[in-house]
Amino acid sequence: MSEAPIRVSEIFGPTIQGEGILIGLPTIFVRTGGCDYRCSWCDTLHAVDSDYRDQWRPMSVDEIWQEVTRLSGGKSLTISLSGGNPAIQPLGPLIACGHAEGYRFALETQGSLAREWFAELDVLVLSPKPPSSGMATDWIAFDDCLRMAGDGPQIALKIVIFDDLDYEYARDAAARYPQLPVYLQPGNHTPPPADAEDAIVDIDGIVERMRWLVEKVSNDRWFEARVLPQLHVIIWGNRRGV
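The name an unreviewed UniProt entry assigns to the protein is 7-carboxy-7-deazaguanine synthase, from the organism Rhizobium miluonense. The UniProt entry for the protein carries the following text under Catalytic activity (unreviewed entry): "6-carboxy-5,6,7,8-tetrahydropterin + H(+) = 7-carboxy-7-carbaguanine + NH4(+)". Its UniProt record, at the heading Function (unreviewed entry), says of the protein: "Catalyzes the complex heterocyclic radical-mediated conversion of 6-carboxy-5,6,7,8-tetrahydropterin (CPH4) to 7-carboxy-7-deazaguanine (CDG), a step common to the biosynthetic pathways of all 7-deazapurine-containing compounds."

Structure (structure tokens):
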């Protein structure tokens with residue numbers, strides 16, 4: 001039986017991972033198309049909104065791998081599987097292909113869909129969406145993601161913070177999963193429209209929210225949490241493909 005195609009929104013790099021547990025790491029991005037969420041502040045609508053489905057290319061593992069190796073120059077970098085929600089796509093064969101060549105795979109998902117191939121990842125970032133997103137977290141599905149991953153990948157919890165309600169949500173989530181390292185990220189309140197290649201971003205506002213979040217964590221003596229920016233937004237704003 002032939003492999004199912006993978007819907008791809010874009011492949012780009014090498015660049016740095018801009019956020020979370022692997023921030024600053026040289027990375028090739030494979031961004032898939034499609035998502036089961038629609039967050040109010042989504043910054044990758046071009047990979048989420050079905051209106052842009054005609055821009056998502058069904059690709060075989062071989063086609064994706066040719067582009068990855070071209071971009072990386074054959075250097076076995078880390079590949080970030082992102083979206084949308086990449087858990088929608090049949091990524092197991094791609095991971096197996098890359099591992100055979102010495103590449104590593106990191107995937108970020110909201111934890112709404114569990115897949116057996118999570119156990120084959122090197123890094124799994126679970127990023128449940130807080131109240132400001134307008135989405136509700138299914139903690140049973142989230143637990144299923146952890147169960148599927150097992151002891152395979154390194155797992156981290158990453159939560160975007162816009163306001164006090166989001167912060168309290170993050171505190172509750174961290175308490176629910178004390179075994180997971182937790183990363184907090186101030187949200188980008190000026191995300192790009194889906195058809196904008198380089199929309200204006202309010203860097204001053206993002207830095208101010210970063211300062212607020214650092215002070216809040218410090219004042220609460222929540223020393224287990226790590227507060228990190230979206231480094232790519234600080235460097236390039238809302239520009240795509242970097």
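From this point, things continue past the structure.
**Here we look at the packing of aromatic side chains**
In this structure the tally under the stated criterion is nine aromatic pairs. Seen from their ring centres, Tyr167 and Trp222 are 5.8 Å apart, and the 80 degrees between their planes marks the pair as edge-to-face. Pair noted here: Tyr167 is in helix α4 (residues 164–176) and Trp222 is in the loop between α5 (203–219) and β9 (225–227), with a separation of 55 residues, a long-range link. Like Trp222, Tyr167 is buried. An aromatic cluster is present here, built from Trp139, Phe142, Tyr169 and Tyr177 joined pairwise through their rings.

**Some remarks on the state of the cysteines**
Taken as a whole, this structure holds zero disulfides when the rule is applied. Its sulfur unpaired, Cys42 is 6.4 Å from the next cysteine sulfur, which belongs to Cys39. Residue Cys42 is classed as buried on the basis of its relative accessible area, which comes to 12%. Counting only cysteine sulfurs, Cys35 is the nearest neighbor of Cys145, a cysteine outside any disulfide, at a range of 13 Å. A residue is classified by how much of its surface remains accessible, and Cys145, at 0% relative accessible area, is buried.

Criteria and thresholds
Residues numbered from 1 in each chain as written. Predicted model: local features only at pLDDT ≥ 70, side-chain atom pairs only at ≥ 80, totals over all residues. Heavy atoms only, no water. UniProt positions renumbered as here; feature names shortened; annotations may be inferred. Phe/Tyr/Trp six-rings, centres within 6.5 Å; stacked < 30°, edge-to-face > 60°. Helix = DSSP H or I, 4+ residues; strand = E, 2+ residues; numbered from the N terminus. Buried < 20%, exposed > 50% of the residue type's maximum accessible area, 1.4 Å probe, protein only. Disulfide = S-S within 2.5 Å.

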